[in-house]
Amino acid sequence: AELPGIDASDIELYCNQNSLTITGEKHPQKTEDGNFVQSERAYGAFYRRFTLPDTADPENVKARNDQGVLRIDIGKKEAAQSKRIPVENG
């Protein structure tokens, strides 16, 4: 997610078995003398929810905000192994 001008402390990330939710708020920037900085980007609260596949592991999620880019890595669950079941006659 591209989140320019947003500090990591202003981002909340929630993950459960079937969804990932990103919420946060971008605050207007001020100069040292208290004036606001003109910006072409909107500010305020934001909310985004993504549906995760069944293979996503909510216990294995890592997030990093690096220069306005939020990177989220979601691990996969171990795939269930198929078990061959013999079929008997009669």
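The notes below deal with the structure included here. Keep in mind it's a predicted model, so treat the numbers as computed, not measured.

1. Things to note about the nonpolar core
And step 1. Grouped together as the largest cluster of nonpolar side chains are five residues: Leu3, Ile6, Ile11, Ile22 and Leu70.
And step 2. Ignoring anything within four residues of it in the chain, the contact list for Leu3 reads Ile11, Phe46, Gly68 and Leu70.

2. Section: the sheet that holds strand β3 (residues 44–51)
And step 1. Ordered in space as β1-β2-β3, the three strands form an open sheet in which the pairing is antiparallel. Both outer strands of the open sheet, β1 (11–15) and β3, are each paired with one neighbouring strand and no more. This sheet shows a mean twist of 10° between the axes of neighbouring strands, independent of strand direction.

3. Thoughts on the side chain of Thr23
And step 1. Counting through the fold element by element, Thr23 comes out in strand β2 (residues 19–26).
And step 2. Thr23 sits in the buried class, given a relative accessible area of 17%.
And step 3. If we ignore the near neighbours within four places in the chain, the residues touching Thr23 are Asp10, Ile11, Glu12, Tyr14, Phe46 and Tyr47.

4. Focus on unusual backbone geometry
And step 1. Positive phi outside glycine occurs at Gln67, with the angle close to 55°.
And step 2. Structurally, Gln67 is set in the loop between β4 (56–66) and β5 (69–76).
And step 3. Note on Gln67: relative accessible area 79%, which makes it exposed.

5. Some details on the side chain of Ser19
And step 1. Looking at the secondary structure, you find Ser19 in strand β2.
And step 2. On the basis of relative accessible area, Ser19 is assigned to the buried category, the value being 10%.

Rules behind the numbers
Residues numbered from 1 in each chain as written. Predicted model: local features only at pLDDT ≥ 70, side-chain atom pairs only at ≥ 80, totals over all residues. Heavy atoms only, no water. Core = buried A, V, L, I, M, F, W, Y, C linked by side-chain atoms within 4.5 Å. Buried < 20%, exposed > 50% of the residue type's maximum accessible area, 1.4 Å probe, protein only. Contact = heavy atoms within 4.5 Å. Pairing = 2+ DSSP bridges. Helix = DSSP H or I, 4+ residues; strand = E, 2+ residues; numbered from the N terminus. Axes fitted to C-alpha atoms, helices over the stretch in contact; angles between N-to-C directions.

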